[in-house]
Amino acid sequence: MRLSRYFLPLLKETPAEAQIVSHRLMLRAGLVRQEAAGIYAWLPLGLRVLKKIERIVREEMNRAGAVEILMPTLQPSELWKETGRYDAYGPEMLRLKDRHERELLYGPTNEDMVTEIFRAYVRSYKSLPLNLYHIQWKFRDEVRPRFGVMRGREFLMKDAYSFDLDTAGARRSYNRMYVAYLRTFSRMGLVTIPMRAETGPIGGDLSHEFIVLADTGESQVYCHKDLLEMPVPPADVDFDGDLEPIVRQRTNLYAATSDVHDAARFEAEVPADKRMSARGIEVGQIFYFGTKYSKPMKAVVAGPDGKKVPVESGSYGVGVSRLVGAIIEASHDEAGIVWPEPVAPFDIGLVNLKTGDAKTDAACEGLYAKLQAAGKDVLYDDTAERPGAKFAGMDLIGLPWQVVVGPRGLEKGLVEVKNRKTGAKEELSAEAVVNRFAR
RNA sequence: CGGGGCGUGGCGCAGCCUGGUAGCGCAUCUGCUUUGGGAGCAGAGGGUCGCGUGUUCGAAUCACGCCGCCCCGACCA
């Protein structure tokens with residue numbers, strides 16, 4: 001992408017409303033624009049990140065055997081009345097009426113609807129286990145939206161729902177999501193710790209929150225330090241096999257959010273030098289809730305004995321839009337964002353220090369073409385800005401690599417490659433740069 | 001929902017207390033000079049001060065009402 005033809009509104013000054021660093025940087029780097037409290041428009045650069053995160057989530061869900069669907073944002077009130085949640089959910093649910101005075105709601109979650117879909121088609125235990133997920137916008141009319149996209153009212157969430165014949169099966173489904181989440185967040189460059197958590201209004205009796213440690217996090221968490229060093233399950237982990245050892249390796253160690261924290265147990269179970277208390281951002285949560293929805297909604301299947309039983313379910317959420325903020329909280333410096341490569345909006349920022357200079361332009365065009373041919377996403381700054389402004393802009397938007405081309409280096413036949421994260425710079429020939437990034 | 005704060009060119013702010021019809025920096029546009037870490041000079045355009053009502057000869061400024069946004073707390077992916 002040529003910057004001169006792109007839409008990248010960078011802000012030199014920080015908008016007054018933004019308090020935390022990820023929000024400030026998202027506004028300054030032109031990722032999002034706030035349209036109302038907790039409601040954001042995604043600008044080109046932010047959308048690219050959102051899509052990359054979404055893709056990783058999708059790949060790992062599919063790997064774990066979940067099946068993607070897409071449910072609507074608007075739902076009829078009837079489903080929610082069946083489960084009793086229409087009244088129970090309260091003012092956080094946005095309710096509206098269509099022209100025929102029919103009651104609709106903007107979905108804050110989808111247990112009711114997915115259970116309706118399940119019961120409409122599935123009759124036998126032979127169709128189980130089943131895990132249906134979608135990635136869709138949600139709306140929760142939070143009393144107090146804040147922290148930019150970290151606590152928006154409208155947000156993009158991946159929500160998965162598992163269906164099993166019995167509790168043992170449900171436990172296996174839960175474990176699959178547990179392991180899938182470890183992989184998902186790790187691929188985004190995040191260190192997450194699964195923590196025992198309260199189940200909240202969703203219901204159920206087994207739940208873990210996946211927490212990214214960050215000083216600005218909303219949750220106070222307590223855990224065993226070794227959880228930070230746990231190996232991430234490999235890509236070829238067998239999701240049809242026994243995942244219990246992987247899960248237990250972690251759940252054996254103390255980890256809890258403040259809601260369920262037990263100080264006495266913490267001190268008894270964790271040696272003093274291994275105790276860690278910190279702030280964290282919740283980026284995902286998994287629940288097992290059994291027959292909470294299948295019973296009232298009569299989502300039943302015939303078991304091997306021919307008897308109909310309500311299915312055992314769980315739900316599994318990932319805050320996709322929240323992750324954009326969470327990743328920035330976990331990865332930035334004074335100059336701006338430092339994107340982990342897998343979620344960076346572009347792989348490489350190509351900086352032309354002197355547009356209009358024939359040799360510099362030619363060298364840049366050559367690199368731009370070859371790097372793209374090598375499969376890299378390149379943002380080519382071909383604008384007439386001054387070098388200083390270009391450097392500052394590139395650092396702000398945080399692309400992992402900067403390739404800097406100017407007359408001074410070209411005299412020696414060299415261009416500069418800078419690693420945004422380490423700040424390390426090296427001078428290479430244009431050819432060597434292409435080879436560096438070619439796979 | 002309780003408490004606090006803010007709303008003035010695109011952005012960041014001053015002016016408000018002590019009413020007299022709007023100012024600064026950045027950005028934008030033009031020209032010249034610059035060009036390896038957010039350039040310099042000269043010039044130009046752009047706002048009737050969130051909305052409404054009231055007080056007053058006169059309201060960005062005072063009063064009342066409304067709307068929007070932010071922060072702290074309780075609640076949540």
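Quick caveat: nothing in here was measured; it's all calculated off a predicted structure. (Residues numbered from 1 in each chain as written. Chains lettered and ligands numbered in written order. Predicted model: local features only at pLDDT ≥ 70, side-chain atom pairs only at ≥ 80, totals over all residues. Heavy atoms only, no water.)

Focus on the overall build of chain A
The helix and strand tally for chain A stands at 13 helices and 23 strands. For chain A, whose C-alpha radius of gyration is 24 Å, the value lies close to the compact-globule estimate of 22 Å for 439 residues. Each principal axis of the C-alpha distribution contributes one length, and for chain A these read about 80 × 60 × 40 Å. Per-residue burial over chain A gives 53% buried out of 439 residues. (Helix = DSSP H or I, 4+ residues; strand = E, 2+ residues; numbered from the N terminus. Rg over C-alpha atoms; globule rule 2.2 N^0.38 Å. Buried < 20%, exposed > 50% of the residue type's maximum accessible area, 1.4 Å probe, protein only.)

As for the protein's contact with RNA strand B
What surrounds RNA strand B is a group of 42 residues, the closest being Arg-144, Arg-151, Glu-282, Arg-386 and Asp-395. By atom count, sugar and phosphate contribute 45% of the portion of RNA strand B lying within 4 Å of the protein. A distance of 3.0 Å separates a phosphate oxygen of RNA strand B from a polar atom in the side chain of Gln-34. Between RNA strand B and Gly-409 there is a distance of 2.8 Å, counted from a base oxygen to a backbone nitrogen or oxygen. (Near = heavy atom within 4 Å. Polar contact = N/O pair within 3.5 Å; in protein donor to acceptor, adjacent residues only side chain to side chain.)

As for helix H10 (residues 358–373)
The first and last C-alpha atoms of H10 sit 22 Å apart over 16 residues, in line with the 22 Å expected at 1.5 Å per residue. Of the residues making up H10, those classed as buried are Thr-360, Ala-363, Cys-364, Leu-367, Tyr-368 and Leu-371. Along H10, the residues classed as buried sweep out an arc of 135° about the axis, all on the same side. Exposed residues pointing more than 90 degrees away from the buried face of H10 are listed as Ala-358, Lys-359, Ala-362, Lys-370 and Ala-373. Where the residues of H10 are buried, they touch strand E19 (348–352), strand E20 (378–381), strand E21 (401–405), helix H12 (407–411), strand E22 (415–419) and helix H13 (430–437). Gly-375 sits one or two residues past H10 and shows a positive phi near 90°. (Expected span 1.5 Å × (residues − 1). Arc of directions from axis to C-beta. Contact = heavy atoms within 4.5 Å.)

Some points on the domain arrangement of chain A
For chain A, the assigned domains read domain 1 (3–337) and domain 2 (346–438). Placing the centre of domain 1 and that of domain 2 at their C-alpha centroids yields a distance of 38 Å. Listed by partner, the interface residues are 16 residues for domain 1 and 14 residues for domain 2. Buried area between domain 1 and domain 2, summed over both chains or domains, comes out near 1200 Å², and the portion from carbon and sulfur atoms is 60%. For the domain 1 face of the interface with domain 2, the top three residues by lost area are Leu-3, Arg-48 and Ile-337, together amounting to 39%. Taken together, the connections running from domain 1 to domain 2 amount to 3 salt bridges. Among the salt bridges present, the one from Arg-420 reaches Asp-333, with a minimum N-O distance of 2.7 Å. Counting the contacts that link domain 1 with domain 2 gives 6 residue pairs in polar contact (both at pLDDT 80 or more). Among the secondary structure elements, those contributing two or more residues to the side of domain 1 that touches domain 2 are helix H1 (21–28), helix H2 (44–63) and strand E18 (336–337). Considering each element in turn, the side of domain 1 that touches domain 2 owes the most residues, 3 residues, to H2. (Domains from an automatic or database assignment. Buried area = accessible area lost by both parts, 1.4 Å probe. Salt bridge = Lys/Arg side-chain N within 4 Å of Asp/Glu carboxyl O.)

What to know about the nonpolar core
If you look at the biggest cluster of nonpolar residues, it comprises 71 residues, and the most contacted ones within it are Leu-31, Ile-53, Met-188, Val-324, Trp-339 and Leu-379. Looking at which element gives the most residues to this core, the answer is helix H6 (residues 167–187), with 9 residues. (Core = buried A, V, L, I, M, F, W, Y, C linked by side-chain atoms within 4.5 Å.)

Some details on the pairing of strand E8 (residues 154–164)
When you tally the buried positions in E8, you get 10 out of 11 residues, the bulk of the element. Looking at chain direction, strand E7 (residues 130–139) and E8 are connected through 10 bridges and run antiparallel. Bridge pairing links Lys-138 to Phe-155 in E8. Pairing geometry for E8 and strand E16 (residues 312–319), over 8 bridges, is antiparallel. (Pairing = 2+ DSSP bridges.)

Looking at the sheet that holds strand E6 (residues 103–106)
Spatial ordering of the open sheet is given by E4-E6-E5, a layout of 3 strands whose pairing is antiparallel. Single-partner strands in this sheet number two, and they are strand E4 (74–76) and strand E5 (94–97). Each strand axis lies, on average, 35° off the axis of its neighbour in the sheet, ignoring direction. (Axes fitted to C-alpha atoms, helices over the stretch in contact; angles between N-to-C directions.)

Brief notes about unusual backbone geometry
Here the bond from Leu-128 into Pro-129 is cis, since omega is 0°, no more than 30 degrees from zero. Its location among the elements puts Pro-129 in the loop between helix H5 (111–121) and E7. For Phe-147, which is not glycine, the phi dihedral falls at a positive 60°. Looking at the element boundaries, Phe-147 is found in the loop between E7 and E8. Judged by its relative accessible area of 22%, Phe-147 is partly exposed.

As for the environment of Asp-236
Position of Asp-236 relative to the elements: it lies in the loop between strand E11 (219–224) and helix H7 (244–251). Look at Asp-236 and you get exposed, because its relative accessible area is 65%. C-alpha of Asp-236 to C-alpha of Arg-63: the two residues are 173 residues apart in sequence and 9.0 Å apart in space.

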